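# Structural features, examined
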Amino acid sequence: MSVQLRKTVPLYINGEWVESESTRFIPVTDPATQEVISQVPCATADEVERAVAAAAAAFTEWKEVAVPERARLMLRYQHLLKAHHDELAEILSRETGKTFEDAKGDVWRGIEVVEHACNIASLLMGETVENVARTIDCYSYTQPLGVCAGITPFNFPAMIPLWMFPLAIACGNTFVLKPSEQDPLTPTRLAELFEEAGAPKGVLQVVHGNREQVDNLLTHPQVKAISFVGSVAAGEHIYRTGTHHLKRVQCMVGAKNHMVVMPDANKQQVINNLVGAGFGAAGQRCMAISVVVMVGEAQAWIDDLKQAAQTIRPGAWDDPQAAYGPQINPQARDRILSFIEKGKQEGANCVLDGSHCAVEGYPDGNWVGPTLFTDVTPAMEIYRNEIFGPVLCVVNVDSLDEALALINDNPMGNGTSLFTACGAAARKFQHEVLVGQVGINVPVPVPLPFFSFTGWRGSFFGDQHAYGKQAVRFYTETKTVTARWFDEDIPGGPNMTINLR
């Protein structure tokens with residue numbers, strides 16, 4: 001398969017693919033070669049306004065569409081996504097640098113959320129109580145908000161948009177998507193397939209750009225809710241600006257995920273899982289393991305971990321032997337290299353150094369090899385910051401209690417895992433750890449979509465999380481009705497209190 005990539009990315013407004021009138025374009029580059037493969041526009045203020053206006057106009061009709069009909073749209077959409085699965089993965093690989101297998105995983109995890117949206121009728125059910133007072137019944141309905149918007153990151157250009165707009169639209173809202181400007185081709189294809197599935201005009205819009213376009217959405221009076229995944233700095237700005245303008249906002253942001261290894265764990269399972277979770281996707285996952293906490297005698301396994309990490313290498317997206325691809329851009333690579341150098345200066349032991357990684361045939365790629373630090377302390381920059389690259393830090397402790405204290409002292413609370421053969425240790429860990437997503441002998445505990453993505457503390461700003469039941473609550477409002485129907489022979493009189501009679 002070899003898909004044809006668009007040379008210029010269009011906007012999608014009111015069911016029409018339109019070329020932007022902007023004079024500002026951002027190059028979309030292949031991270032393995034630096035070749036410019038497309039150009040993405042920074043939408044004008046008028047184009048963003050038109051997108052929101054189209055969504056607002058479409059909402060008046062879409063919210064009245066029967067819930068089963070909305071579910072059928074999602075059923076058709078998930079069918080098309082599966083039919084075009086490999087095509088989407090190739091587009092995604094070519095603009096992000098992800099290996100083809102990793103890209104297929106990105107697409108599939110998004111499809112799973114669309115499958116969940118097919119169950120929207122049961123997710124929207126309200127509650128009923130008969131006779132809350134004599135002849136009075138009380139019941140609730142779940143109704144959509146209006147225009148919602150999503151701002152998505154570069155690292156999962158299929159999965160994360162599919163976290164957002166299918167559920168929001170299935171709930172009866174309309175949506176404006178602002179994808180990452182670094183890999184907009186995959187979201188564009190997602191929108192094309194959504195149109196092919198039968199989505200009415202104006203239900204979904206796609207606009208492009210950077211901070212200016214985001215701010216236009218954050219401050220627009222007709223946008224009711226904002227979903228975001230990305231960096232802490234961007235998330236803080238989006239959360240503060242959006243809530244200042246009285247919008248619902250959910251922001252999934254930074255992480256520093258720890259894997260705790262108990263000495264009774266299966267050593268080979270630990271090593272296999274650490275290599276995948278620490279270096280997979282070039283470390284560009286918000287759920288990547290970036291710190292391994294070796295408890296007691298498990299510290300003797302560090303050499304085995306090093307040897308396993310030495311066997312993997314990065315490469316181009318279509319290289320079946322590549323373990324992962326390049327960093328998304330030269331700036332990301334340089335940032336990671338600066339952290340590696342900082343770790344050395346701070347006294348950490350760099351037992352495996354990927355700073356000078358080269359890939360044959362791709363001299364201009366944003367390559368960083370697997371990097372492993374030991375003797376890391378919580379005071380070091382490489383521990384305190386999210387590096388977002390294939391860099392794994394080893395911290396040694398003497399007990400599970402020490403490991404828990406270390407994790408709970410970290411400001412982030414996105415994901416963590418424990419590898420052990422002891423049920424009591426696992427029970428203690430999952431109960432006491434102050435992290436929203438916990439794996440027991442599972443290294444990357446991203447929940448399936450009938451649960452929610454539940455980062456805690458500094459990893460999340462907001463009240464309701466992504467996908468699952470919490471996303472349905474985020475994208476809807478509850479209307480409660482208290483009703484009485486009078487019989488003519490029931491005597492009445494004024495009720496001067498707030499008690500129901």
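Each chain has its residues counted from 1, following the order in which its sequence is written. The predicted nature of this model means local features are confined to residues of pLDDT at least 70 and side-chain atom pairs, given and counted, to a pLDDT of 80 or more, with totals for whole chains, interfaces and linings taken over all residues. To get the side-chain values, all heavy atoms of the structure are used, and hydrogens and water are removed first.

### Some remarks on empty space enclosed by the protein
What counts here: Put plainly, a pocket is an open set of points on a 1 Å grid over the protein atoms alone with protein on both sides within 12 Å along at least five of seven lines, a cavity is a set where a 1.4 Å probe fits but cannot get out, and a lining residue has an atom within 4 Å of a point. Grid points are joined across faces, edges and corners, and a volume is the space filled by probe spheres set on the points. Three classes are used, and their members are as follows: Ala, Val, Leu, Ile, Met, Phe, Trp, Tyr, Cys and Pro are nonpolar, Asp, Glu, Lys and Arg are charged, and the others, Gly among them, are polar.
According to the stated counting rule, one finds four cavities of 30 Å³ or more in the structure shown. Within this model, the largest cavity holds a volume of roughly 120 Å³. Along the wall of the largest cavity there are 15 residues; nearest its centre are Gly283, Ala288, Ser290, Glu386 and Phe388. When its residues are assigned to classes, the lining of the largest cavity shows seven nonpolar, five polar and three charged. In this structure, the second largest cavity occupies an estimated 100 Å³ of space.

### With respect to the sheet that holds strand 19 (residues 437–440)
Worth spelling out the cut-off: Any two strands are treated as partners once DSSP identifies two or more bridges connecting them. A helix here means a DSSP run of H or I that spans at least four residues, while a strand means a run of E at least two residues long, and both kinds are numbered starting from the N terminus. Interaxial angles span 0 to 180 degrees and are taken between N-to-C directions of axes, which are lines fitted to C-alpha atoms, for helices over the stretch in contact.
Taken together, the seven strands give an open sheet; going across it, the order is 14-15-16-13-12-18-19, and neighbouring strands pair in mixed fashion. Only two strands of the sheet have a single neighbouring strand rather than two, namely strand 14 (349–352) and strand 19. Taking the axes of each pair of neighbouring strands and ignoring which way they run, one obtains an average angle of 20° across the sheet. Pairing of strand 15 (residues 371–374) with strand 16 (residues 391–397) involves three bridges; the strand directions are parallel.

### Section: helix 14 (residues 400–409)
This is how the line gets drawn: Whether a residue is buried, partly exposed or exposed follows from its accessible area with a 1.4 Å probe, protein chains only, as a fraction of its type maximum: under 20%, in between, or over 50%, in that order. Here the arc refers to the set of directions running from the helix axis out to each C-beta atom.
Considered for burial, the residues of helix 14 that qualify are Leu400, Ala403, Leu404, Leu406 and Ile407. Taken end-on, helix 14 shows its buried residues confined to a sector of 160°, consistent with a single buried face.

### Topic: the packing of helix 10 (residues 267–279) against helix 11 (residues 302–310)
Let me state the cut-off plainly: Every angle not falling under 35 degrees, over 145, or within 65 to 115 is termed oblique; those three ranges are roughly parallel, roughly antiparallel and roughly perpendicular. Two helices that cross are described as forming a left-handed crossing if the nearer one is turned anticlockwise from the farther one by less than a right angle, and a right-handed crossing if clockwise. In what follows, residue pairs with any heavy atoms lying within 4.5 Å of each other are defined as contacts.
Put simply, helix 10 and helix 11 touch, their axes get as near as 10 Å, and they point 50° apart. Judged by the angle between their axes, helix 10 and helix 11 are oblique. For the pair helix 10 and helix 11, the crossing hand works out as right-handed. Side by side, helix 10 and helix 11 meet where Lys267, Ile271, Leu274, Val275 and Phe279 of the first sit next to Asp304, Leu305, Ala308 and Ala309 of the second. Grouping the constituent residues of the contact of helix 10 with helix 11 by class yields seven nonpolar, no polar and two charged.

### Things to note about the layout of surface pockets
Of the volumes computed, that of the largest pocket is approximately 880 Å³. Lining the largest pocket we find 37 residues, and of these Pro153, Phe154, Gly230, Ser231 and Ala234 sit closest to its centre. Elements represented by at least two residues in the lining of the largest pocket include exactly helix 8 (211–219), strand 10 (223–229), helix 9 (232–244) and helix 12 (330–345). With five residues, helix 9 is the single largest residue contributor to the lining of the largest pocket. Residues of the lining of the largest pocket, tallied by class, amount to 18 nonpolar, 14 polar and five charged.

### Some details on the sheet that holds strand 6 (residues 136–144)
In spatial order, the strands read 5-6-22; together these three strands make up an open sheet with antiparallel pairing. Since the sheet does not close on itself, it has two edges, and those belong to strand 5 (128–133) and strand 22 (476–484), each with one partner. Between one strand axis and the next, the sheet turns through 30° on average, direction left out of account. Bridging between strand 6 and strand 22 involves nine bridges; their strand directions are antiparallel. If you follow aspartate 137 over to strand 22, its bridge partner there is alanine 483.

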